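One letter stands for each residue in the lines below.
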Amino acid sequence: MIRDQEILNGLLDTIARFVGERLIPNEEQVAETDEIPDDIVADMKAMGLFGLTIPEAFGGLELTMEEEVLVVFELCRASPVFRSMVGTTVGIGSQGILFDGTPEQQEKYLPRLATGELTASFALTEPEAGSDASSLRTTAIREGDDYVVNGTKRFITNAPHASVFTLMARTDPEDKSASGISAFIVDAQTPGISFGKRDQKMGQKGAHTCDVIFENVRVPAANLIGGKEGQGFKTAMKVLDKGRIHIAAVCVAVAERMLSMALSYAMERKQFGKSIAEFQLVQAMLADSKAEIYAARSMVLDAARRRDAKLPVSTEASCAKLFASEMCGRVADRAVQIFGGAGYMAEYSIERFYRDVRLFRIYEGTTQIQQLVIARNMIREAK
Ligand code: CAA
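The rules we used
- Residues numbered from 1 in each chain as written.
- Predicted model: local features only at pLDDT ≥ 70, side-chain atom pairs only at ≥ 80, totals over all residues.
- Heavy atoms only, no water.
- Helix = DSSP H or I, 4+ residues; strand = E, 2+ residues; numbered from the N terminus.
- Rg over C-alpha atoms; globule rule 2.2 N^0.38 Å.
- Buried < 20%, exposed > 50% of the residue type's maximum accessible area, 1.4 Å probe, protein only.
- Contact = heavy atoms within 4.5 Å.
- Areas by Shrake-Rupley, 256 points an atom, 1.4 Å probe, with all protein chains shown as cover.
- UniProt positions renumbered as here; feature names shortened; annotations may be inferred.
- 1 Å grid on protein atoms, 1.4 Å probe; cavity = no way out; pocket = protein on both sides within 12 Å on 5 of 7 lines; lining within 4 Å.
- Points joined across faces, edges and corners; volume = space filled by probe spheres on them.
- Near = heavy atom within 4 Å.
- Polar contact = N/O pair within 3.5 Å; in protein donor to acceptor, adjacent residues only side chain to side chain.
- Domains from an automatic or database assignment.
- Pairing = 2+ DSSP bridges.
- Buried area = accessible area lost by both parts, 1.4 Å probe.
- Salt bridge = Lys/Arg side-chain N within 4 Å of Asp/Glu carboxyl O.
- Nonpolar A, V, L, I, M, F, W, Y, C, P; charged D, E, K, R; others polar.

1. Digging into the overall build of the chain
Then, in step 1: Secondary structure assignment for the chain yields 11 helices and 9 strands.
Then, in step 2: Against the compact-globule benchmark of 21 Å for 383 residues, the chain has a radius of gyration of 21 Å, which places it among compact chains.
Then, in step 3: The principal-axis extent of the C-alpha atoms belonging to the chain is close to 80 × 55 × 40 Å.
Then, in step 4: Across the 383 residues in the chain, those meeting the buried criterion constitute 55%.
Then, in step 5: A fraction of 75% describes how many contacts in the chain between residues 6 or more apart in sequence connect residues 24 or more apart.
Then, in step 6: Looking at the chain as shown, the accessible area adds up to about 16,900 Å², and 53% of this sits on carbon and sulfur atoms.

As C-alpha cells, this is what we get:
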C-alpha cells in the first residue's frame, strides 16, 4: 500500500541521491576502516532513516510495508552495511515495542528511536540457541519491582552501538517451551551488562556484532513488553515475520547492484576480440540473474502488500526470504564469474559483495528455517 505517491517519490529520490553521492563513494573506506563515518550516520538520522517504520504520532515516517521495501530497494544499492546501521532500530530492535508494547512503553521509547537518538538491537540468539530460538536459557526472574536477568546473547547486530535491547528471556525457568519466554526493553547502560569483543566476520565490515553478557541485571518490571509474561516468543516471531520481508528486499537491491556491476564489466571487458557480453554463455549468466531478481522483487512486493492488507504473511515472508537470499547468493557467484580473475581480487568491489551477501542466507532465520516454517504452515493449513 502506498499512502501518498508524491511524498514517497520525493523520499525515494532523496535516498537515491544520498546513495549515489554519499554512500557508494564511501563504501571502500567503510570496508577498510570497519567504521561508518559519524557524519554519514548523522545524515541518515537527519533524513529520518531511523524512523522509517515508526508511526507519525511518535515522530516517525510510518511507512507501510510496501513503502518500506521500496525504500530498501533504493538504499541497498549501496553496500548493505549502511542499512545494517539503521536496520535493527527500524526493524527487529524496535518493532516488538510497536507491536506489543504498552502505550507507556511506546510513548517512552518510540519517539527517541524515530530520531535515532536511541538505537535498538534485538537480543534473541544465544551460544546454545540459534535456529532453535525457543530453547534460549537467559533467565529473567521477578524480584519485587524488577526482573533480574542472567545469560549471554550472541552475534547481536549493532550491540556495541545499542542504547536499548529488545531482549528475550525465560521468566519461567520451569517452562522450557516457548511459553516460558518474555520480551523486555533493556537499557544498554544498566549495571551488569557487558560486551564481548567485536566479532571478526567474513564480510559486512562496518556492521558490528558481539556477545552481550547479562549478570544480575535489574530490569524494571515496567519494561516487560506488553506487561504480560509468556508472550515474548510470539513477539519475536512476529518481529521476524516482518524482518524477513525486509531482508528479502535487501537481497533484491544488492543483487541488482551486483548485476549492474557485472553487466558494465561484461560490456567493457574484451576477450577473443570482442566484449565478453557478446558471448552467449556470459549472456546466460546475465539473463538468469535478471529473471531471478525480477522474481524475487515480485515476491517481496506481493508479501509486503499482503502484510499491508493485514493478511497472514508468515509463509510468504519465509518464501520471499528463502528465495531472495538464495537468489542473491547465485547472482553474487555469477557476478564474480563474469569478472573472472578480477572478481577474485579485493581491488574490485564485487569480491566484497560476494562475502557480504553470504550472511543473508543465515541471519533472521537460515534458509533451512524458512523451509521448515513454510512446510509447517502448509501442513497446518491442509489439516
Ligand atoms: N507469529 C506469531 N506466533 C508465532 C509465530 C509467528 N510467526 N510462529 C510461531 N508462533 C507461536 C506459535 O503459534 C506457538 O504458540 P502456541 O504455543 O500458543 O501455539 C509458539 O509461537 C511456539 O511456536 P513453535 O512451536 O512453532 O516454535 P518452535 O520452537 O518449534 O520454533 C521456529 C519455531 C520457526 C523454528 C523458530 O524458532 C524460528 O524462527 N527460529 C529461527 C530463529 C531466527 O530467525 N533467529 C534469527 C535471530 S535474529 C537475527 O538474525 C538478527 C540479526 O542478526 C540482525
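2. Remarks on the UniProt feature "domain: Acyl-CoA dehydrogenase/oxidase C-terminal" (unreviewed entry) in the chain
Then, in step 1: Per the UniProt annotation, the sites labelled "domain: Acyl-CoA dehydrogenase/oxidase C-terminal" (unreviewed entry) are residues 230–378.
Then, in step 2: Within residues 230–378, the helical portion is 75% and the strand portion 3%, while the C-alpha atoms at the span's ends are 26 Å from each other.

3. Quick word on empty space enclosed by the protein
Then, in step 1: Evaluated as defined, the whole model comprises 1 cavity of 30 Å³ or more.
Then, in step 2: Of the voids in this model, the largest cavity is the one considered here, and its volume is about 40 Å³.
Then, in step 3: Taken together, E68, G91, I92, Q95, V239, K242, G243 and H246 form the lining of the largest cavity.
Then, in step 4: With 4 residues, helix 7 (residues 232–268) is the single largest residue contributor to the lining of the largest cavity.

4. Topic: the site of the ligand
Then, in step 1: S131, S134, K234, D241 and E364 are the nearest of the 23 residues found near the ligand.
Then, in step 2: Between the ligand and the protein, one listed contact pairs an oxygen atom with a side-chain N or O atom of R244 at 2.8 Å.
Then, in step 3: Its free accessible area being 1,100 Å², the ligand has 69% of it covered by the protein chains.
Then, in step 4: Counting only elements with at least two residues in the shell around the ligand, the list comes to helix 7 and helix 11 (367–382).
Then, in step 5: In terms of residue count, helix 7 provides more of the shell around the ligand than any other element does, 7 residues in total.
Then, in step 6: Domain assignment of the residues forming the shell around the ligand places at least three in each of domain 2 (120–228) and domain 3 (234–382).

5. A word on the pairing of strand 4 (residues 164–170)
Then, in step 1: The element strand 4 is extensively covered by neighbouring structure, given that 7 of its 7 residues are classed as buried.
Then, in step 2: Residue alternation in strand 4 divides its side chains into two sets, V164, T166, M168 and R170 and F165, L167 and A169, and both sets are buried.
Then, in step 3: Examined bridge by bridge, strand 1 (residues 120–123) and strand 4 share 4 bridges and lie parallel to one another. Of the residues in strand 4, the one forming a bridge with A120 is V164.
Then, in step 4: Of the pairings in the sheet, the one linking strand 4 to strand 5 (residues 181–187) comprises 7 bridges and is antiparallel in character.

6. Describing the layout of surface pockets
Then, in step 1: Considering only enclosed or pocket space, the second largest pocket measures out at about 570 Å³ in volume.
Then, in step 2: The wall of the second largest pocket is formed by 22 residues, among which F99, K242, R307, D308 and K310 lie closest to the centre.
Then, in step 3: Sorting the residues of the lining of the second largest pocket by element identifies helix 3 (65–75), helix 5 (95–100), helix 7 and helix 8 (280–308) as the ones contributing at least two each.

7. Considerations on the domain arrangement of the chain
Quoted interface sizes are often the accessible area lost when the parts come together.
Then, in step 1: For the chain, the assigned domains read domain 1 (5–114), domain 2 (120–228) and domain 3 (234–382).
Then, in step 2: Relative placement of domain 2 and domain 3: their C-alpha centres are 30 Å apart.
Then, in step 3: Taken together, the contact between domain 2 and domain 3 spans 8 residues of the former and 10 residues of the latter.
Then, in step 4: Both sides of the domain 2 and domain 3 interface together cover about 830 Å² of buried area, and 72% of this is carbon and sulfur.
Then, in step 5: Taken as a group, F122, M202 and Q204 account for 54% of the area that domain 2 buries against domain 3, more than any other trio of residues on that side.
Then, in step 6: Between the two partners, domain 2 and domain 3, sit 0 salt bridges.
Then, in step 7: Taken together, domain 2 and domain 3 are joined by 2 residue pairs in polar contact (both at pLDDT 80 or more).
Then, in step 8: Residues belonging to the side of domain 2 that touches domain 3 are distributed by class as follows: 4 nonpolar, 3 polar and 1 charged.

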